[in-house]
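Here is how the chains run, residue by residue.
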Amino acid sequence: KEISGLLSYGLSRLPSALFLSLILGFPVFWANRVLTLEVAGYLGLGVYIVRMMEIFSTPFNKIFMPKFSEFTVSSNPEDVKNKSMIVVDFIITFLPVVVLSIYGLSRHILLLWLGKDFLVALPTIQIAILFSGFYIMHAIIRGILNGVFIFPYVNFISLLGFAAVSIPVVLALGKDLV
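Residues numbered from 1 in each chain as written. Predicted model: local features only at pLDDT ≥ 70, side-chain atom pairs only at ≥ 80, totals over all residues. Heavy atoms only, no water.

Engineer: Now, about the pattern of salt bridges: what can you tell me, with residues and values included?
Structural biologist: All chains considered together, the criterion is met by 1 salt bridge. A salt bridge links E54 to R51, with the shortest nitrogen-to-oxygen separation between them at 3.2 Å. Here E54 pairs with R51, and both are found in helix 3 (residues 37–69), just 3 residues apart, close to one helical turn. (Salt bridge = Lys/Arg side-chain N within 4 Å of Asp/Glu carboxyl O. Helix = DSSP H or I, 4+ residues; strand = E, 2+ residues; numbered from the N terminus.)

As structure tokens, then:
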């Protein structure tokens, strides 16, 4: 019975993993089909930067999730609100500082990491860095939602994220869908 509960809990979150993969893979796929391989490569580099930043946010997800998984339906709503505000305060204060710092240093990071031949990709990387804050926020909140709720609300948030990424990409990169 315990294994079936864990299996049900895990399987119900698979769509969110699919949507997250699509969020990061769709722009590169679309650019490769509609534009050039070079543009797709630059977008892929931007996606890689976002994934690297997510790696640094995952420990915060692991720190917050156990605290929120202690809550039950009968928990005091005020306690849930207070603990949620700690995470919101963390996200509002810490993420912008980190994202803007990395954005400011992006040229130097790119020169050290890949060399001057890749300076052409700097605008793409800078855009990816600026928008990575939203993705990192999602990564942190995802663990909290999974800890608090049995129902997979994270699937809906991931679907909305995919729609928010795919609609502008489709509009910006091409008119034909084939």
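Engineer: Give a detailed account of the environment of L111, specifying residues and quantitative values.
Structural biologist: Position of L111 relative to the elements: it lies in helix 5 (residues 106–113). Under the relative-accessibility criterion, L111 is labelled partly exposed at 33%. The spatial distance from the C-alpha of L111 to the C-alpha of L122 is 9.7 Å, given a sequence separation of 11 residues. Leave out the neighbours within four places in its chain, and L111 touches K116 and L119. (Buried < 20%, exposed > 50% of the residue type's maximum accessible area, 1.4 Å probe, protein only. Contact = heavy atoms within 4.5 Å.)

Engineer: Talk me through helix 4 (residues 77–104); I want residue IDs and the actual numbers.
Structural biologist: Since one α-helical turn is 3.6 residues long, residues separated by three or four positions face the same way. Taking 1.5 Å per residue as the helical rise, helix 4 with its 28 residues ought to reach 40 Å, and the 40 Å between its terminal C-alpha atoms agrees with that figure. Along helix 4, the sharpest kink reaches roughly 25°, centred on F94 and followed within four residues by the proline P96. Among the residues of helix 4, those classed as buried are V87, F90, I91, L95 and V99. (Expected span 1.5 Å × (residues − 1). Bend = angle between axes of the 7 residues up to and from the residue.)

Engineer: Describe the nonpolar core, naming the residues involved and giving the relevant values.
Structural biologist: Inside soluble globular proteins, nonpolar side chains tend to come together where they are buried. Formed by 18 residues in total, the largest nonpolar core has its most connected members in M53, F64, V87, I91, I125, I129 and I140. At 6 residues, helix 6 (residues 122–148) tops the list of elements feeding residues into this core. Contact partners of F64, with chain neighbours within four places excluded, come to V87, F90, I140 and I144. Within the second largest apolar cluster, 11 residues are counted, among which are I23, L24, V47 and F162. (Core = buried A, V, L, I, M, F, W, Y, C linked by side-chain atoms within 4.5 Å.)

Engineer: Which residues make up the packing of helix 5 against helix 6, and what values go with them?
Structural biologist: The axes of two packed helices give the description: the angle between them and the distance between them. For the pair helix 5 and helix 6, interaxial distance at closest approach is 10 Å and the crossing angle is 120°. By the angle between their directions, the pair helix 5 and helix 6 is classed as oblique. The way helix 5 lies across helix 6 gives a crossing that is right-handed. For the pair formed by helix 5 and helix 6, the contact residues are S106, R107 and L110 on the first element and L122, I125, Q126 and I129 on the second. For the contact of helix 5 with helix 6, a count of residues per class yields 4 nonpolar, 2 polar and 1 charged. (Axes fitted to C-alpha atoms, helices over the stretch in contact; angles between N-to-C directions. Parallel < 35°, antiparallel > 145°, perpendicular 65-115°, else oblique. Left-handed = near helix turned anticlockwise from the far one by under 90°. Nonpolar A, V, L, I, M, F, W, Y, C, P; charged D, E, K, R; others polar.)

Engineer: Got a sec to walk through the layout of surface pockets? Specific residues and values, please.
Structural biologist: By volume, the second largest pocket amounts to about 230 Å³. What lines the second largest pocket is simply Y48, I49, M52, M53, F56, I102, S106, I109, L110, W113, I125 and I129. Going through the elements one at a time, helix 3, helix 5 and helix 6 are the ones with two or more residues in the lining of the second largest pocket. The element that contributes the greatest number of residues to the lining of the second largest pocket is helix 3, accounting for 5 residues. (1 Å grid on protein atoms, 1.4 Å probe; cavity = no way out; pocket = protein on both sides within 12 Å on 5 of 7 lines; lining within 4 Å. Points joined across faces, edges and corners; volume = space filled by probe spheres on them.)

Engineer: A description of the packing of aromatic side chains should follow, citing residues and the corresponding values.
Structural biologist: Given two aromatic rings, one states the distance between the centres and the angle between the planes to describe the pair. Considering all chains together, one arrives at 3 aromatic pairs under this definition. Aromatic side chains Y48 and W113 sit 5.4 Å apart centroid to centroid with 20° between the ring planes, which places their arrangement in the stacked category. A residue pair is termed long-range when its members are at least 10 positions apart, and Y48 in helix 3 and W113 in helix 5 qualify at 65 residues. Its relative accessible area of 40% is what places Y48 among the partly exposed residues. With a relative accessible area of 38%, W113 lands in the partly exposed category. Here F131 and F134 contribute two aromatic rings whose centre-to-centre distance is 6.2 Å and whose plane-to-plane angle is 35°, an arrangement assigned as tilted. Here F131 pairs with F134, and both are found in helix 6, just 3 residues apart, close to one helical turn. As far as burial versus exposure is concerned, F131 and F134 are alike and both exposed. (Phe/Tyr/Trp six-rings, centres within 6.5 Å; stacked < 30°, edge-to-face > 60°.)

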